[in-house]
Amino acid sequence: LKVKSFPGLMRLITWVLTGLRIEVHRASLRTDLETGIENDLFYVTDEKGRKLKDPESVKSRLEDFIQYCGMPAEHLEAQVFQQGPIKIDNSKHPTCTAMSILVSSISPDEASDGRYLLEVVSTLTAVGVSIAEADILCDECRSSDMPGKWRFLLQNQDGNKLDYVQISGLIYTLASVLKF
């Protein structure tokens, strides 16, 4: 398979193969860093371990899905991302990415539990994000009628705002870790 690489390409490929009930036994994935062209070779069988009868039709299906379901350019330029109570916004600050977690969606015991905060900041560390500023409003959110939030200003390892790929990875990981 030879296609232009984009964030989420491997997810799309594995999603299509899974839908076609095709098992990947081995793969060689290579991207030309100058052209961005990915040249991937997959060793696959059907779900019963048999050689595919028509591998060219599978390749054709993959190419069709990649063409129609690929990453639209507007996604790469999006400024605001939200999943459940997690919101990440690149339009709020000139040099940082703003992230908020709506604490009122979390039980009061969990919101005031240091382990929950530890999970959030550990996730930020794991994905290579630095906290430039943070406001943790646990006590206030429990006693206030206003929905409380944990607010963070974040930067990537280069001291810049997070890009689409970094934000997508962060929001997916946070939602998984926090079970949203």
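Conventions used here
Residues numbered from 1 in each chain as written. Predicted model: local features only at pLDDT ≥ 70, side-chain atom pairs only at ≥ 80, totals over all residues. Heavy atoms only, no water. Phe/Tyr/Trp six-rings, centres within 6.5 Å; stacked < 30°, edge-to-face > 60°. Helix = DSSP H or I, 4+ residues; strand = E, 2+ residues; numbered from the N terminus. Lys NZ or Arg CZ within 6 Å of the ring centre and 35° of its normal. Salt bridge = Lys/Arg side-chain N within 4 Å of Asp/Glu carboxyl O. Buried < 20%, exposed > 50% of the residue type's maximum accessible area, 1.4 Å probe, protein only.

Caption draft 1: Representation of the packing of aromatic side chains within the structure. Within the structure shown, the criterion is met by 2 aromatic pairs. Summarising the aromatic geometry, the rings of Phe-81 and Tyr-164 are spaced 5.9 Å apart at their centres and angled 50° between planes, so their arrangement reads as tilted. Taken together, the residues Phe-81 in strand E4 (residues 80-83) and Tyr-164 in helix H7 (residues 164-177) connect sequence positions 83 residues apart. It is Arg-26 that lies over the ring of Tyr-43; its NZ or CZ is 4.0 Å from the centre.

Caption draft 2: Here's a closer look at the pattern of salt bridges. Counted by the stated rule, this structure contains 2 salt bridges. One salt bridge connects Glu-47 with Arg-21, and the closest N-O pair in it is separated by 3.7 Å. One end of the pair, Glu-47, is in the loop between strand E3 (37-46) and helix H2 (55-69); the other, Arg-21, is in the loop between helix H1 (9-19) and strand E2 (22-31), with 26 residues separating them in the sequence. Here Glu-47 falls in the partly exposed class, since its relative accessible area comes to 47%. Its relative accessible area of 54% is what places Arg-21 among the exposed residues. Across the salt bridge formed by Arg-50 and Asp-46, the nearest N and O atoms sit 2.8 Å from each other. Taking relative accessible area as the criterion, Asp-46 reaches 15% and is therefore assigned buried.

Function cannot be read off these values alone, since they describe shape.
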